[in-house]
Structures are given as structure tokens and as C-alpha cells.
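Observations on chain architecture
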Amino acid sequence: AIKGMSLRTAQQYLDDVCEKKRCVPFRKYTGCIGRTPQAKEFKMSQGRWPVKSAKILLGLLRNAESTAEFKNLDTEDLTITH
């Protein structure tokens with residue numbers, strides 16, 4: 001869900017997932033996944049709020065940001081690619 005986002009928008013999105021304001025859409029392995037109206041943002045109907053995974057990803061993004069600052073890179077231009 002954060003592929004192609006900038007660093008700041010990805011961090012804001014994951015913070016919203018932790019607070020259950022926005023959901024993560026489930027495109028694959030959708031058996032027994034409940035429907036939520038928050039998934040309409042992604043043109044889907046099924047989504048969840050994986051708080052534990054979101055916190056781990058936030059830690060990874062924070063680490064990537066500090067590494068970029070250490071290497072004197074512009075942190076505003078960082079995008080998420082994987």
C-alpha cells in the first residue's frame with residue numbers, strides 16, 4: 001500500500017493505520033477478511049488494520065530516514081520502492 005509514496009506520506013499513512021483511521025487493502029489472500037468502507041480509497045472492499053506490521057514498517061522508515069540524513073541526502077525526495 002505504500003509502494004511509490006514519498007517518505008512523509010508513507011509515515012502519515014502508517015500512523016493512520018495504527019490509529020485505525022485508514023485501512024490496508026487486502027488484494028490477495030482475501031478469504032475470511034472482513035469488508036470495510038475505508039477500503040474504497042483503493043477501489044477495494046476488503047481491508048484490515050495490521051498495527052504490529054505498521055509499527056515495524058514505521059521503524060524501518062525511520063531508520064531509512066536517518067541513514068539518508070547521515071549520507072547527506074535530501075529526505076524530502078525519498079520515495080518508497082520495493
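Nothing here was measured: the structure is a model prediction, and the numbers come from that model.

Next up on the list: the environment of Val-24. Within the secondary structure layout, Val-24 lies in strand S1 (residues 24-25). Along the sequence, Val-24 and Tyr-13 sit eleven residues apart, while their C-alpha atoms lie 9.4 Å from each other. Discounting residues that sit within four places of it in the chain, Val-24 has contacts with Ala-1, Tyr-13, Val-17, Gln-46, Gly-47, Arg-48 and Pro-50.

This next bit is on the side chain of Gln-46. Looking at where Gln-46 falls in the secondary structure, it is placed in the loop between S1 and strand S2 (47-48). The class for Gln-46 is buried, based on a relative accessible area of 17%. A distance of 3.2 Å separates a polar side-chain atom of Gln-46 from the backbone oxygen of Ile-33. Setting aside residues up to four positions removed in sequence, Gln-46 forms contacts with Val-24, Pro-25, Phe-26, Thr-30, Ile-33, Gly-34, Arg-35 and Ala-39.

The next point concerns a nonpolar patch on the surface. Together, Ile-56, Leu-57 and Leu-60 make up an exposed nonpolar region whose accessible area comes to about 280 Å². Take Ile-56: it is sitting in helix H2 (residues 51-70). The class for Ile-56 is exposed, based on a relative accessible area of 54%.

Attention now moves to unusual backbone geometry. Of note, Lys-20 is a non-glycine position whose phi angle comes to about 60°, a positive value. Tracing the sequence through the fold places Lys-20 in the loop between helix H1 (7-18) and S1. Despite not being glycine, Cys-32 shows a phi value in the positive range, around 65°. Take Cys-32: its relative accessible area is 79%, and that puts it in the exposed class.

What follows deals with the packing of H1 against H2. In the contact formed by H1 and H2, the axes pass within 9 Å of each other and the chain directions differ by 155°. With respect to H2, the axis of H1 lies roughly antiparallel. Pair H1 / H2 crosses with left-handed handedness. Facing Leu-7, Arg-8, Ala-10, Gln-11, Leu-14, Asp-15, Val-17 and Cys-18 of H1, the residues of H2 in contact are Val-51, Ala-54, Lys-55, Leu-57, Leu-58, Leu-61, Arg-62 and Glu-65. Here the residues of the contact of H1 with H2 sort into ten nonpolar, one polar and five charged.

Reading the values: rules and limits
- Residues numbered from 1 in each chain as written.
- Predicted model: local features only at pLDDT ≥ 70, side-chain atom pairs only at ≥ 80, totals over all residues.
- Heavy atoms only, no water.
- Helix = DSSP H or I, 4+ residues; strand = E, 2+ residues; numbered from the N terminus.
- Contact = heavy atoms within 4.5 Å.
- Buried < 20%, exposed > 50% of the residue type's maximum accessible area, 1.4 Å probe, protein only.
- Polar contact = N/O pair within 3.5 Å; in protein donor to acceptor, adjacent residues only side chain to side chain.
- Patch = residues over 30% accessible without salt bridge, like charges linked within 9 Å, V, L, I, M, F, W, Y side chains within 5 Å.
- Areas by Shrake-Rupley, 256 points an atom, 1.4 Å probe, with all protein chains shown as cover.
- Salt bridge = Lys/Arg side-chain N within 4 Å of Asp/Glu carboxyl O.
- Axes fitted to C-alpha atoms, helices over the stretch in contact; angles between N-to-C directions.
- Parallel < 35°, antiparallel > 145°, perpendicular 65-115°, else oblique.
- Left-handed = near helix turned anticlockwise from the far one by under 90°.
- Nonpolar A, V, L, I, M, F, W, Y, C, P; charged D, E, K, R; others polar.

Remember, this is a structural readout, not a statement about activity or role.
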